[in-house]
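As a plain string of letters, each chain reads:
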Amino acid sequence: MLGIENSVDRRMRPRPNTRVNLESLMSNESSRTSSSRSSSPSNRSPSPVQSEYIPPEAVKEESTVKVCLRLRPNLKNNPVRLAFRIQDNTLLARGSDDNSTERQYTFSDIFNDSVSQAQVYESCIRPSISNITGDRGATFLTYGTSGSGKTYTLLGTNNSPGIVPRAIEQVFVENSNLISPQPNLKIDKTTIQTLDDESVRDEINKVQAMKRILQNRDNSHVRMKSIIQKEHAFHPKEDPDLRVFIWVSFVEIYNENVYDLLAHDSIFGKRKPMKILSNEGNAYIKDLSCVYAGSSEDAYNILQFGIQSATYGSTDVNSNSSRSHSIFSMTVVSFSVVDQQINYSVYKFCDLAGSERLKKTGTVGDRLKEAQKINTSLLVLGRCLETVYKNQKSKKLAEIVPVRDSKLTMLIQSALLGKEKFTMIVNLYPTEEYYDENLNVLNFSSIAKQIVLQKKMTQKHHRSTRFSFFLAQATSSPSARIDGNRLMMEVERLKQELEHEATVYREQLNEKELENQFLRQELLRQELQLRNELTDDFESYCVQREATFQTRLKQAQEAAALPYKSQIATLNTKVEKLRETIMDMEYEEEEYEKKLAAYQEELRKYRDKERRFRRLSL
């Protein structure tokens, strides 16, 4: 018994409203070519999406979602275990049980394991991005089980580039003569914003900073560019009237949180969840980093910078499994110089994380939590596709598409609602080992294959009212025509009177303007005269005040010095007495010095006598 696939809600799958004659259905089976799924005569579980939903002639291939199937090579080289085989654009699936029902799934294109990346791109991607001025954009989505080759299809390798590098080369080569070297126009919150010179320098510095931070830079871009150009031969467009600005963003949805992979903090692990907002029904991410790419090399470096910040993990099925949904977006803004019109197209490349069965992947702990979030978001995606398909089939009141139940569906809601081109590349690992998982993936894609795209995004309907009905009757009568002529003549007369009155008012306005100008000049003259008078009066007042202050200052100085004059005289008398004393003392000092000299002379004579006396005594 098959397990319940987390990405498809079987309880909400549309069912036929009428009974179906299985015998007539079987007899007419060979005449059907666009059936999304049928089964052999058996009373086992019926197909979730039967061919009776949409007649083959009612829906054209170009009006539905483009769903392509790509088979991964069987690495085990065991053809006996292959559970799928291709017949034109139909995939036939049969289980290992001999009594099992053979199931059929029809796709827009089926690529076997020998089809190259270039063939996949030419068939699925290139036609959708050939016209940058006429389309709103497109969403390209890779879906499949874990390890089925989704990331390889999207990114590829250096020697076998995926659809994203090829799309980058197509956009830049075809618009090489039109791309502006300066990022003057930018999309901000789904509106066009003109950047000033400082903002332009900041945007250019962002790319240069990413190149400096980017690790393991090599010449892989040059080699990839050469390979892509040889395989596709893109040609530049010639349109001197057009200027093109290309902006790139890269996000991932990990555990139902949106993270910006181009933020400088993301490469160091300091990431903050971002909010998804809406402007007139268009979803956008608040404060998302949108980097200007002036060349394909810049765009490729930006892509590699974001890949370094993406979340990967190891499971039993895939040693390098994507643990998040990633969305790489290219916004192409075109500006017509002659018409002064601005258009923009947004191309989203979505790499969905693989739907997983926990028993085979062996996930535990954080890996288990990641798998649960992945399967939940894929479940919501399946519900959205089913609701859109059901609304297109039913004539009753349309159900609300639950795009807000998941961050993934919120970001790609324009594609889910049929407002832009939608291409899904389903990746399959065609072995019996993953038969159940692949069957659920095919059930999922069979719904998307039948969704019809809207040719007109908005359509205004004429609203009839009672007033418009009576107005139509009144204007159709003969008397209404006569009254209409009279009204036209009256309107012409009133126009002439209005023109005359307007001329008179213009002349009066000119006179008032001249009078107003004269009065303004007179007011300026009077104001200048008044200012000069005030200045002169204030200057004379200042001179008078200064003289008064000088007089008062002199009087204050004299009054302050009066008490000290007697003290100064007394001190002067004392000074004179001290001087006389000093002079007397100096005179006495001279007398004393003379006496001292006389005493010293007498002492000398006495010593001489004493020495002579000693000699005589000896």
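An unreviewed UniProt entry annotates the protein chain as Kinesin-like protein of Culex pipiens. You can read under Sequence similarities (unreviewed entry) in the UniProt record for the protein chain the words "Belongs to the TRAFAC class myosin-kinesin ATPase superfamily. Kinesin family." Turning to the protein chain, the UniProt annotation filed under Subcellular location (unreviewed entry) states: "Cytoplasm, Cytoskeleton".

Student: Honestly, the environment of serine 324 in this entry has me stumped. Any pointers?
Tutor: As for its placement among the helices and strands, serine 324 is situated in the loop between β15 (321–322) and β16 (325–336). It is 8.9 Å that separates the C-alpha atoms of serine 324 and glycine 354, two residues lying 30 residues apart in sequence. Side-chain polar atoms of serine 324 contact the side chain of glutamate 252, separated by 2.6 Å.

Student: In this structure, what is going on with the pairing of strand β7 (residues 185–188)? I would like to understand it.
Tutor: Where β7 meets strand β8 (residues 191–194), four bridges bridge the pair, whose relative direction is antiparallel. Paired with isoleucine 187 across the bridge in β8 is isoleucine 192.

Student: What am I meant to see in the side chain of asparagine 443 here?
Tutor: Along the polypeptide, asparagine 443 turns up in helix α12 (residues 435–449). There is a polar contact of 3.0 Å between the side chain of asparagine 443 and the side chain of tyrosine 105.

Student: Can you walk me through the sheet that holds strand β3 (residues 90–93) in this structure?
Tutor: Whenever strands of a sheet pair, they do so through backbone hydrogen bonds, lying parallel or antiparallel. Within the open sheet, the three strands sit side by side as β2-β3-β4. Their pairing is antiparallel. At either margin of the open sheet sits one strand with a lone partner, and together these are β2 (84–87) and β4 (103–106). The average undirected angle you get between the axes of adjacent strands in this sheet is 25 degrees. Relative to β3, β2 runs antiparallel, the two sharing four bridges. Each bridged residue has a counterpart across the sheet, and for arginine 85 the counterpart in β3 is leucine 92. Set on the sheet, α12 makes contact with β2, β3 and β4; between it and β4 the angle comes to about 45 degrees.

Student: Can you help me understand the UniProt feature "binding site: ATP" (unreviewed entry) in the protein chain in this one?
Tutor: Feature annotation in UniProt assigns "binding site: ATP" (unreviewed entry) to the following positions: Gly144, Thr145, Ser146, Gly147, Ser148, Gly149, Lys150 and Thr151. Structurally, threonine 145 can be placed in the loop between β6 (137–144) and α3 (150–154). On the secondary structure map, lysine 150 appears in helix α3. For lysine 150, a relative accessible area of 7% puts it in the buried group. Contacts of lysine 150, omitting those with residues within four sequence positions, involve Thr142, Tyr143, Gly144, Thr145, Asp351, Leu352, Ala353, Gly354 and Asn427.

Student: I tried to follow the packing of aromatic side chains on my own but got confused; where do I start?
Tutor: How two aromatic rings sit relative to each other is given by the distance of their centres and the angle of their planes. All told, the structure shown has four aromatic pairs when counted by the stated rule. Geometrically, the ring pair formed by phenylalanine 140 and phenylalanine 349 is stacked, given 5.0 Å between the ring centres and 25 degrees between the ring planes. Of the two residues, phenylalanine 140 is situated in strand β6 and phenylalanine 349 in strand β17 (residues 341–351); the sequence distance between them amounts to 209 residues. Phenylalanine 349 gets classed as buried once you look at its relative accessible area, which sits at 1%. Seen from their ring centres, tryptophan 247 and tyrosine 292 are 5.1 Å apart, and the 65 degrees between their planes marks the pair as edge-to-face. Of this pair, tryptophan 247 sits in strand β9 (residues 242–254) while tyrosine 292 sits in strand β13 (residues 291–292), and the two are 45 residues apart along the sequence.

Student: Can you help me understand helix α2 (residues 117–124) in this one?
Tutor: One turn of an α-helix holds 3.6 residues; hence residues three or four places apart share an orientation. All of the buried residues in α2 are Gln117, Ala118, Val120, Tyr121 and Cys124. Around the axis of α2, the buried residues are gathered within 160 degrees of arc, so they sit on the same side.

Student: Is there a simple way to think about a negative patch on the surface in this case?
Tutor: Judged by side-chain charge, Glu580, Asp584, Glu586, Glu588, Glu589, Glu590, Glu591 and Glu593 come together as a negatively charged surface patch. Along the chain, glutamate 586 falls in helix α15 (residues 563–617).

Student: Just to check I follow, could you spell out the nonpolar core for this structure?
Tutor: Here is a general trend for soluble globular proteins: nonpolar side chains tend to be buried in one another's company. Ranked by size, the top nonpolar core spans 59 residues in total, and within it Ile125, Val164, Phe328 and Phe349 carry the most contacts. Those residues in contact with phenylalanine 328 that lie beyond four places of it in its chain are Val164, Ile168, Val248, Ser249, Phe250, Leu303, Tyr347, Lys348 and Phe349. Grouped together as the second largest cluster of nonpolar side chains are 51 residues, Leu69, Cys384, Leu416 and Ile451 included.

Student: Would you mind going over the packing of α2 against helix α4 (residues 163–174) with me for this structure?
Tutor: How two helices pack is summed up by the angle between their axes together with the distance between the axes. Following both chains from N to C, one finds α2 and α4 inclined at 60 degrees, their axes separated by 10 Å at the closest point. Judged on the interaxial angle alone, α4 and α2 are oblique. In this structure, α2 meets α4 at a crossing whose hand is right-handed. Mapping the contact onto sequence places Gln117, Ala118 and Tyr121 in α2 and Ile163, Arg166, Ala167 and Gln170 in α4. Broken down by class, the residue content of the contact of α2 with α4 amounts to four nonpolar, two polar and one charged.

Student: Would you explain unusual backbone geometry in this entry?
Tutor: Negative phi values dominate among residues other than glycine, just as trans dominates among peptide bonds. The backbone of aspartate 88 sits at a positive phi, close to 55 degrees, despite the residue not being glycine. If you check the backbone angles, aspartate 287 has positive phi at about 60 degrees while not being a glycine. Among the secondary structure elements, aspartate 287 is positioned in the loop between β12 (282–285) and β13.

Student: Which parts of the structure should I look at to understand the pattern of salt bridges?
Tutor: Any two side chains of opposite charge can pair, given that their charged atoms come close. Applying the stated criterion across every chain, the model contains 18 salt bridges. Glutamate 203 is the partner of lysine 186 in a salt bridge, and the nearest nitrogen-oxygen pair spans 3.1 Å. Within this pair, whereas lysine 186 is found in strand β7, its partner glutamate 203 is found in helix α5 (residues 197–213), the two being separated by 17 residues in sequence. There is no split in this pair, since lysine 186 and glutamate 203 are both buried. The partner of arginine 525 in a salt bridge is glutamate 522, and the shortest N-O contact between them spans 2.3 Å.

Student: Looking at this structure, how should I read helix α7 (residues 296–309)?
Tutor: Between its first and last C-alpha atoms α7 spans 21 Å; for 14 residues at 1.5 Å apiece the expected length is 20 Å, and the two agree. Of all 14 residues making up α7, 10 are buried, and the element is well covered by its neighbours. Among the residues of α7, Ser296, Asp298, Ala299, Tyr300, Asn301, Ile302, Leu303, Phe305, Gly306 and Ser309 are the ones counted as buried. Tucked inside the fold, the buried residues of α7 contact α4, α5, α6 (220–232), β9, β13 and β16.

Student: Explain the packing of α6 against α7 here, please?
Tutor: Interaxial distance between α6 and α7 falls to 11 Å at its minimum, and their mutual angle equals 120 degrees. Taken as axis vectors, α6 and α7 run oblique relative to one another. Between α6 and α7 lies a crossing of right-handed hand. Within the contact between the two elements, α6 uses Ser220, His221, Met224 and Lys225 and α7 uses Ser296, Glu297 and Tyr300. Tallied by class, residues from the contact of α6 with α7 come to two nonpolar, three polar and two charged.

Definitions and cut-offs
Residues numbered from 1 in each chain as written. Predicted model: local features only at pLDDT ≥ 70, side-chain atom pairs only at ≥ 80, totals over all residues. Heavy atoms only, no water. UniProt positions renumbered as here; feature names shortened; annotations may be inferred. Helix = DSSP H or I, 4+ residues; strand = E, 2+ residues; numbered from the N terminus. Polar contact = N/O pair within 3.5 Å; in protein donor to acceptor, adjacent residues only side chain to side chain. Pairing = 2+ DSSP bridges. Axes fitted to C-alpha atoms, helices over the stretch in contact; angles between N-to-C directions. Contact = heavy atoms within 4.5 Å. Buried < 20%, exposed > 50% of the residue type's maximum accessible area, 1.4 Å probe, protein only. Phe/Tyr/Trp six-rings, centres within 6.5 Å; stacked < 30°, edge-to-face > 60°. Arc of directions from axis to C-beta. Patch = residues over 30% accessible without salt bridge, like charges linked within 9 Å, V, L, I, M, F, W, Y side chains within 5 Å. Areas by Shrake-Rupley, 256 points an atom, 1.4 Å probe, with all protein chains shown as cover. Salt bridge = Lys/Arg side-chain N within 4 Å of Asp/Glu carboxyl O. Lys, Arg positive; Asp, Glu negative; His and termini not counted. Charge placed at Lys NZ, Arg CZ, Asp CG, Glu CD. Core = buried A, V, L, I, M, F, W, Y, C linked by side-chain atoms within 4.5 Å. Parallel < 35°, antiparallel > 145°, perpendicular 65-115°, else oblique. Left-handed = near helix turned anticlockwise from the far one by under 90°. Nonpolar A, V, L, I, M, F, W, Y, C, P; charged D, E, K, R; others polar. Expected span 1.5 Å × (residues − 1).

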